[in-house]
Amino acid sequence: MPFFAPTDDPGANFPELLRRVGMGPGVDGDGHIDVPHATTCVALRFADGVVMAGDRRATSGNLISHRSMEKVVQADSYSGVAIAGAAGPAMEMIRLFQLQLEHYEKVEGSPLSLEGKANQLSMMVRGNLPAAMQGMVVVPIFAGYDLRREIGRLWAYDVTGGRYEEREYVATGSGSLHAGTVIKVGYKAAMTRDEAINLSVRSLWEAADADSATGGPDALRGIYPIVATVTADGWQPVGDDDLAPRFREIADEVLVRSTPPAPGPGRADVADERDDERDEGSDDA
Amino acid sequence: MTMPFYVAPEQVMKDRADYARKGIARGRALVAIRYVDGIAIVAENPSETLRKVSEIYDRIAFAGVGRYNEFDQLRVAGIRAADLKGYQYSRDDVDARTLANQFAQILGTVFTHEMKPMEVEILVAEVGLEPDGDQMFHILYDGTVVDQRDTAVLGGDAEAISGRLAEGFADGLALADAVRLGVAALAGPDRELTLAELEVATLSRGNGRRCFHRVADDALGDLLG
């Protein structure tokens, strides 16, 4: 059982505890390593909180290495984290982050503030910098409900641990350009939960449409993106049975948009009218 | 040069045990009771902020009586051991028995090797997936481990309290009944404990992954009726 002198005590810091007992992360070797990469995740604010969404695909170069990866995960009761980048270090970072929040809550007897959690994640991303230099880049999104301020808040990160709070939306990963643009265009202040889910789902659809590393909804295998909201009621995942009709709606819309008008009765009517006109004309002559 | 007086080892141990027992007896007691959905822990604790009962892991709770700083140090060590084990292996591999043994090691070592024994008694409780798997380990100041099935009493006046508990205990108590029994056993016939003097927490099978739940004052008021 780890027992420390007061001057040497790691406090409520779990990663520090891991280092003290010799289980800290180590980076060795050099050069780039080809590992599976997780791709597109988004988060946006709506009236009651935030919605987070992420596709399920992991890629290794041009290959799909995993179809049902969960990149959007619950961090604790009132926050979630979404990760793009090297899948291995990313999942490990999520695991450690979840554990750190719970460890802190147990040792201190009360949970970290939302800002404290965002800061903690920032330090973890910074800690990953040596690995990032070798290509194992991990870029998360952190979002949650701030119980003290009673609002949803979200943060974007960069490789160095830079932490940027955003007011409207954040997108990360290879499809983030497309997903972000869709949200940017469709964003309204104080959307309802339903509207926010629709917009996030739409952004992932468009990202999957334009980016080969982002997976779309896979109705054949029954794999849908992970979508969840965080409000004053806590973390609420949006089930596949709720997501499936939303994607079907988008698919129907795309179908209508991209189907050329059929050469059926419509054209024939026009032709008939012309014929009539000509007939009339000939009559006049 | 002066030689220290010879003191028989038996006497040293007895003195230490007396010292620890006196320290513990000064504090207020707590009880743990098995109920239909898990384990309820009821502590007499006038402080709103300094806790006697707390969460160690998904299915494991910790409770301590005696010197606060000493059992709090043990509590934190327990959380660390549990989180490290769960991180290194799997969450399923963290169990109360291992923790209880580790606590016993620490308490035993301090009792024999240090100037002053720890003036604490602690409880490590684990709620099983089924009622049969519920476990309670009561660890004394000298590292003695006692495993208890239905009820456990820690702290001053333990004998009288456990007598009162045994009278009222039955298998499959509802939560409200278990808490009322615990409060009555702690108070005894001549006293009435108010909400402000009580700290109640449960390890409940129906509480999701993290079974530990602190019962807030208003909810406790409802339970006590």
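Since the structure is predicted, the reported quantities are computational estimates derived from the model, not experimental observations.

Teacher, can you tell me more about the overall build of chain B here?
Across its full length, chain B carries six helices and ten strands. A compact globule built from 225 residues should have a C-alpha radius of gyration of about 17 Å, and chain B, at 18 Å, falls within 12% of that. Considered along the principal axes of its C-alpha atoms, chain B spans approximately 70 × 50 × 30 Å. The proportion of buried residues among the 225 residues of chain B is 44%. Relative to all contacts within chain B whose residues are 6 or more apart in sequence, the contacts with residues 24 or more apart total 65%.

What's the story with helix α6 (residues 193–210) of chain A in this structure? I'm lost.
Each turn of an α-helix holds 3.6 residues, which means side chains three or four residues apart point in the same direction. All names here are of chain A. Taking 1.5 Å of rise per residue, 18 residues should cover 26 Å, and α6 covers 26 Å from first to last C-alpha, within 8% of that figure. Along α6, the residues that are buried comprise Ala 196, Ile 197, Leu 199, Ser 200, Val 201, Arg 202, Ser 203, Leu 204, Trp 205, Glu 206, Ala 207 and Ala 208. On its buried face, α6 is in contact with β2 (41–46), β3 (49–54), α5 (176–186), β12 (226–231), β13 (234–238) and α7 (240–258).

I tried to follow the sheet that holds β13(A) on my own but got confused; where do I start?
The pairing of strands in a sheet happens through backbone hydrogen bonds and is either parallel or antiparallel. Residues and elements named next belong to chain A. Strand order in the open sheet formed by five strands is β11-β2-β3-β12-β13, with antiparallel pairing between adjacent strands. What marks the edges here is a single partner per strand, and that holds for β11 (169–172) and β13. Across the sheet, the mean angle from the axis of one strand to that of its neighbour is 15°, orientation sign disregarded. Two strands pair when backbone bridges link them, and β2 and β3 are joined in this way by six bridges, in the antiparallel orientation. Paired with Arg 45 across the strands is Val 50, a residue of β3. The sheet contacts of α6 involve β2, β3, β12 and β13, and relative to β2 the element is tilted by about 155°.

Honestly, the interface of chain A and chain B in this entry has me stumped. Any pointers?
By a widely used convention, the size of an interface equals the accessible area lost when the partners come together. Each partner contributes to the interface: chain A provides twelve residues, whereas chain B provides 14 residues. Breaking the side of chain A that touches chain B down by element, the ones donating at least two residues are α1 (14–20) and α2 (87–108) of chain A. At four residues, α2(A) tops the list of elements feeding residues into the side of chain A that touches chain B. Looking at side-chain class alone, the side of chain A that touches chain B contains nine nonpolar, two polar and one charged residues.

Explain the nonpolar core here, please?
As a rule of thumb, soluble globular proteins bury nonpolar side chains together. Judged by nonpolar contacts, the single largest core of 137 residues is most densely connected at Ala43(A), Val31(B) and Ile41(B). By residue number, the principal contributor to this core is α2(A), which donates nine residues. Beyond its immediate chain neighbours, meaning those up to four positions away, Val31(B) contacts Val42(B), Thr151(B), Ala152(B), Val153(B), Ile161(B), Leu165(B), Gly182(B), Ala185(B) and Leu186(B).

Conventions adopted
Residues numbered from 1 in each chain as written. Chains lettered and ligands numbered in written order. Predicted model: local features only at pLDDT ≥ 70, side-chain atom pairs only at ≥ 80, totals over all residues. Helix = DSSP H or I, 4+ residues; strand = E, 2+ residues; numbered from the N terminus. Rg over C-alpha atoms; globule rule 2.2 N^0.38 Å. Buried ≥ 20, exposed ≤ 12 C-beta atoms within 10 Å, placed from the backbone. Contact = placed C-beta atoms within 7 Å. Expected span 1.5 Å × (residues − 1). Pairing = 2+ DSSP bridges. Axes fitted to C-alpha atoms, helices over the stretch in contact; angles between N-to-C directions. Nonpolar A, V, L, I, M, F, W, Y, C, P; charged D, E, K, R; others polar. Core = buried A, V, L, I, M, F, W, Y, C linked by C-beta atoms within 7 Å.

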